[in-house]
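As a plain string of letters, each chain reads:
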Amino acid sequence: MSGFITFLTDFGLQDDFVGTCHGVIKRIAPGVEIIDLTHGVRPGGILQGALTLANALPYVPAGVHLAVVDPGVGGGRRPLALRDAEGRLHVGPDNGLLLPAADRFGGVVEAHELANPAYALESVSRTFHGRDLFAPAAAHLSLGVPLAELGPPIDPEALVRLELPVPDIGHARIQSTVLGVDRFGNIALNLTREHLDEAGIVPGTRVELVSRGDHYFAVAARTFSDAKPGDLILYEDSYRNLAVAVAQGSAAALLTVEEGSDLLIQVDTP
Amino acid sequence: MSGFITFLTDFGLQDDFVGTCHGVIKRIAPGVEIIDLTHGVRPGGILQGALTLANALPYVPAGVHLAVVDPGVGGGRRPLALRDAEGRLHVGPDNGLLLPAADRFGGVVEAHELANPAYALESVSRTFHGRDLFAPAAAHLSLGVPLAELGPPIDPEALVRLELPVPDIGHARIQSTVLGVDRFGNIALNLTREHLDEAGIVPGTRVELVSRGDHYFAVAARTFSDAKPGDLILYEDSYRNLAVAVAQGSAAALLTVEEGSDLLIQVDTP
Amino acid sequence: MSGFITFLTDFGLQDDFVGTCHGVIKRIAPGVEIIDLTHGVRPGGILQGALTLANALPYVPAGVHLAVVDPGVGGGRRPLALRDAEGRLHVGPDNGLLLPAADRFGGVVEAHELANPAYALESVSRTFHGRDLFAPAAAHLSLGVPLAELGPPIDPEALVRLELPVPDIGHARIQSTVLGVDRFGNIALNLTREHLDEAGIVPGTRVELVSRGDHYFAVAARTFSDAKPGDLILYEDSYRNLAVAVAQGSAAALLTVEEGSDLLIQVDTP
């Protein structure tokens, strides 16, 4: 067995952190292939990393899914490996990062703490578990080492779970939260098409967006190209989240929002 | 057949767009090898992407060349696959992005619209054709699927072509345009050595550069190391474009230019 | 033979420089696997590149180690390939970049100038030796070409060496220099645990940091998670350098330091 290890972190590419982890994996499992999902998660952005991972994994080959966004490194949080109901393996810290992705594949059926030093580097630093603990565990799993070899079992119910921000749905108005902003300035919201239905906002409706006290008009549209340059649109993005974009511009810059910002959507009734 | 897929986009590496496309390719063609040319093209920078692709491809193995800079995604622009005269395959949007590269290999001999759903993902979103349409098509081509299977033929003459900015050559003066600025602040111009000859500017000439009304002196030089720190030089870059650099500094910052800026070059006749 | 080529540069990922070098390597040695250590070294940052390389290589598979941070490209500096005492091969410019890494493996036992045009691209530009000279040499070495084939030998003693900044150790005070700042804002110093011992600063000591005339308090700690958010800590980083961090924040932003900045550490005696 070798196959694929996917890799997602908040390490960035400015330093050698990602490259060094690649090296660690390749020394243990030279034949495995690594797919870098992204290393551009905001430093410490556990929720952003978890959502990105959950969105990406359905598109990539099954294998070992290594993810490290780990502001609590060196503290009490447990290092984990787990198996989901479809047999994919996930490796990372027990801070909620792995669970939204595992839930896409039926949820966690088996979890183990990384405690067996035979599957870590000889010397484990206190600040770089990506290199010393998680990458080696992922590499050994890709070689077929049984999950149970890595350490004692953990009850899946006892794993740390993230709280996702919940939208407040009213009549003809929704109080939403920005989940993230992508390179193009498109704004992902904690909403799906069903939330719009619930609020009675039908496709094609002209809506008002309220950000930081300022009001903007937007139209529900199906794609960027339906809109004129500069027009704000509310659309279902390619991961089936609702999102806000501005044709040929950055919606995040226009509305001055970032991850965690509030955004009020209300039907524009002139 | 498997070989290589090269990959160039304006997706950046902050999000999972590139990693997800890698995953899509690997699910279809696990044995193909992906070479990331760059994903740092300015968002929507079709001309920049086209020129970068044309400069890079002569240095990389022949294969399938996937490129996505696609501000018109979801609109009327056609998704394409084409073959050049040397047998390389190119996949991307019909917005001019692919043609300067194909021209380096004798031009387009066969083009097809991506219309066959058998070679796309099951569900094609309106905003992420890189993942849903272009990556799958490239993967299938790398497995040996014939180009004609992907969809109806298009007359190569009917493909969208970019207009490259044309320099205005006078006697001892050239009005040029900045094509791009690289990480080191070096400025690529829409000029070759032949344009300098035409204007009567010989190697070693001292020239004046005029940017935004300000005047700077530069010398035609062969390499950065011919110049003293801080000196501006006009030189033929490694892709045989004329470029402006400043030894151990950023010429773009000094001249405050960016892609699309005007730059006047005139012989300095004191 | 094929194996691994590791690759470190200051090219960044915005342009196609790295991707084009990958292409050049793959045309010569299609079966070799490239591990990108990082391409985020500060432009021209030879010392930063050298230290990063020396820190990373012990974690990656032995092979050919290609590194290009080369502000003197096209000038008099020699292009090199060398072998260390453990048999690893290193390729890059003779400006000191390669030597701290080679020293980790017993030092340089054999060095050759890259002078044989059979192992370079046909046309060698004056400004992009990464593509035209270094990448091809690394690829040919990975195929088993003997080092001596690449060009005339150079006495290892004659290679250019970097001067590392030396700390000034006093009683209960150390004048140190910032070697680098990582993505998380952690500050690497030119110090090891032994320097602290020498100055009589024992673990757990409360110290004062002086940067640009401003004073800050820090505590020697073992990991980020020992500290409260906002606390400055002085700790041994995962490469066994002393470093300064602030829990859940950027120490570099707080202390307004960058590579090369001075940082005074003194025991806080109230």
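Above this text sits the structure in question.
This structure is a prediction, so every number in the text was calculated from the model and none was measured.

Caption draft 1: Representation of the packing of aromatic side chains. Residue and element names in this part refer to chain B. The final tally for this structure, using the stated rule, is 15 aromatic pairs over all chains. Relative to Phe17, the ring of Phe11 has its centre 6.0 Å away and its plane inclined at 75 degrees; by these criteria the two rings are edge-to-face. The exposure class assigned to Phe17 is buried, which follows from its relative accessible area of 11%. Ring centres 5.7 Å apart and planes at 85 degrees place the aromatic pair Phe11 and Phe128 in the edge-to-face group. Taken as a pair, Phe11 in the loop between β1 (4–9) and α1 (17–28) and Phe128 in the loop between β6 (108–113) and α4 (129–142) lie far apart in primary sequence, 117 residues in all.

Caption draft 2: Region of interest: the interface of chain B and chain C. Between chain B and chain C, the contact holds 30 residues from the first and 32 residues from the second. Both sides of the chain B and chain C interface together cover about 2,400 Å² of buried area, and 56% of this is carbon and sulfur. Seen at the junction of chain B and chain C, the total is one salt bridge. Between C:Lys26 and B:Glu33 there is a salt bridge whose closest N-O contact spans 2.5 Å. Broken down by secondary-structure element, the contributors of at least two residues to the side of chain B that touches chain C are β2 (33–38) and α2 (46–56) of chain B. Grouping the amino acids of the side of chain B that touches chain C by side-chain chemistry returns 15 nonpolar, seven polar and eight charged.

Caption draft 3: Here's a closer look at the relation of the copies chain B and chain C. Turning chain B through 120 degrees and shifting it by 0.0 Å along the axis lays it on chain C, with an RMSD of 0.0 Å. With respect to symmetry, the two chain copies, as superposed, fit the operation of a three-fold axis. When C-alpha distances to the rotation axis are compared across chain B, the minimum falls at B:Leu13, with a value of 5.2 Å. The share of interface residues of chain B whose copies in chain C are also at the interface is only 13%, consistent with the copies meeting through different surfaces.

Caption draft 4: Expanded view of the sheet that holds strand β3 (residues 64–68) of chain B. Across the sheet, which stays open at both edges, the seven strands sit in the order β2-β1-β3-β5-β4-β6-β7 (chain B) with mixed pairing between neighbours. With one partner strand each, in any of the chains shown, β2 and β7 (153–154) of chain B form the two edges of the open sheet. Pairing of strand β4 (residues 79–84) of chain B with strand β5 (residues 89–93) of chain B involves five bridges; the strand directions are antiparallel. When the bridges of β5(B) are listed, B:Ala81 appears paired with B:Val91. Across the sheet, α4(B) lies against β1, β3, β4 and β5 of chain B, angled at about 175 degrees from β3(B), the strand it touches most. With respect to the sheet, helix α1 (residues 17–28) of chain C is in contact with β1 and β2 of chain B, its orientation differing from that of β2(B) by roughly 145 degrees.

Caption draft 5: Seen up close, the interface of chain B and chain A. On the chain A side, the residues contacting the 32 residues of chain B number 30 residues. Summing both sides of the interface, chain B and chain A together bury roughly 2,400 Å²; the carbon and sulfur share of this comes to 56%. The tally of links between chain B and chain A comes to one salt bridge. Inspection of the chain B/chain A interface yields 15 residue pairs in polar contact (both at pLDDT 80 or more). Looking at the side of chain B that touches chain A, the elements with two or more residues in it are α1 and α4 of chain B. Considering every element that reaches the side of chain B that touches chain A, the biggest residue donor is α1(B), with eight residues. Residues belonging to the side of chain B that touches chain A are distributed by class as follows: ten nonpolar, 14 polar and eight charged.

Caption draft 6: Up close: the relation of the copies chain B and chain A. At an RMSD of 0.0 Å, chain B and chain A line up after a rotation of 120 degrees and a shift of 0.0 Å along the axis. When the interface residues of chain B are mapped onto chain A, a mere 12% of them again lie at the interface, so each copy presents a different face.

Caption draft 7: Here's a closer look at the environment of A:Phe105. Residues and elements named next belong to chain A. As for its placement among the helices and strands, Phe105 is situated in the loop between α3 (99–104) and β6 (108–113). Sequence separation between Phe105 and Pro58 is 47 residues, and the spatial gap between their C-alpha atoms is 8.4 Å. If we ignore the near neighbours within four places in the chain, the residues touching Phe105 are Leu57, Pro58, Asp84, Ala85, Glu86 and Arg88.

Caption draft 8: Structural detail: the side chain of C:Asp84. Residue and element names in this part refer to chain C. Looking at where Asp84 falls in the secondary structure, it is placed in strand β4 (residues 79–84). Buried and unpaired, Asp84 has no salt bridge, with Arg88 as the nearest side chain of opposite charge at 5.1 Å. Of note is the side chain of Asp84, whose polar atom sits 2.8 Å from the side chain of His90. Those residues within four positions of Asp84 in sequence are excluded, and the remaining contacts are His90, Ala102, Phe105, Gly107, Val108 and Val109.

Caption draft 9: Region of interest: the packing of helix α1 (residues 17–28) of chain A against helix α4 (residues 129–142) of chain A. Residue and element names in this part refer to chain A. One way to put it is that α1 packs onto α4 with a least axis distance of 9 Å and a crossing angle of 40 degrees. Of the possible angle classes, the one that applies to α1 and α4 is oblique. The way α1 lies across α4 gives a crossing that is right-handed. Contact residues: Thr20, Cys21, Val24, Ile25 and Ile28 in α1; Gly130, Arg131, Ala135, Pro136, Ala139 and His140 in α4. Partitioning the contact of α1 with α4 into residue classes produces seven nonpolar, three polar and one charged.

Caption draft 10: Quick peek at a nonpolar patch on the surface. A cluster of nonpolar side chains, namely A:Leu13, B:Leu13 and C:Leu13, defines an oily patch on the protein surface of about 210 Å² accessible area. Here C:Leu13 lies in the loop between β1 (4–9) and α1.

Caption draft 11: Focus on empty space enclosed by the protein. Residue and element names in this part refer to chain C. With the rule as written, the count across this model stands at one cavity of 30 Å³ or more. Of the pockets and cavities examined, the largest cavity occupies roughly 60 Å³. Residue lining of the largest cavity: Leu114, Ala115, Asn116, Tyr119, Ala120, Leu133, Ala137 and Leu150, and that is the complete set. When grouped by side-chain class, the residues that make up the lining of the largest cavity number seven nonpolar, one polar and no charged.

Caption draft 12: A look at the environment of A:Gln48. Residues and elements named next belong to chain A. Topologically, Gln48 is positioned in helix α2 (residues 46–56). Along the sequence, Gln48 and Gly180 sit 132 residues apart, while their C-alpha atoms lie 6.8 Å from each other. Discounting residues that sit within four places of it in the chain, Gln48 has contacts with Gly40, Val41, Arg42 and Glu259.

Caption draft 13: Structural detail: the environment of C:Gly180. Residue and element names in this part refer to chain C. Checked against the element boundaries, Gly180 lands in strand β9 (residues 173–181). Its relative accessible area of 15% is what places Gly180 among the buried residues. Sequence spacing of Gly180 and Ser261 is 81 residues, and the spatial spacing of their C-alpha atoms is 9.2 Å. Excluding residues that lie within four positions of it along the chain, Gly180 makes contacts with Asn186, Ile187 and Ala188.

What counts, and at which threshold
Residues numbered from 1 in each chain as written. Chains lettered and ligands numbered in written order. Predicted model: local features only at pLDDT ≥ 70, side-chain atom pairs only at ≥ 80, totals over all residues. Heavy atoms only, no water. Phe/Tyr/Trp six-rings, centres within 6.5 Å; stacked < 30°, edge-to-face > 60°. Buried < 20%, exposed > 50% of the residue type's maximum accessible area, 1.4 Å probe, protein only. Helix = DSSP H or I, 4+ residues; strand = E, 2+ residues; numbered from the N terminus. Contact = heavy atoms within 4.5 Å. Buried area = accessible area lost by both parts, 1.4 Å probe. Salt bridge = Lys/Arg side-chain N within 4 Å of Asp/Glu carboxyl O. Nonpolar A, V, L, I, M, F, W, Y, C, P; charged D, E, K, R; others polar. Least-squares fit on C-alpha atoms with pLDDT ≥ 70 in both. Pairing = 2+ DSSP bridges. Axes fitted to C-alpha atoms, helices over the stretch in contact; angles between N-to-C directions. Polar contact = N/O pair within 3.5 Å; in protein donor to acceptor, adjacent residues only side chain to side chain. Lys, Arg positive; Asp, Glu negative; His and termini not counted. Parallel < 35°, antiparallel > 145°, perpendicular 65-115°, else oblique. Left-handed = near helix turned anticlockwise from the far one by under 90°. Patch = residues over 30% accessible without salt bridge, like charges linked within 9 Å, V, L, I, M, F, W, Y side chains within 5 Å. Areas by Shrake-Rupley, 256 points an atom, 1.4 Å probe, with all protein chains shown as cover. 1 Å grid on protein atoms, 1.4 Å probe; cavity = no way out; pocket = protein on both sides within 12 Å on 5 of 7 lines; lining within 4 Å. Points joined across faces, edges and corners; volume = space filled by probe spheres on them.

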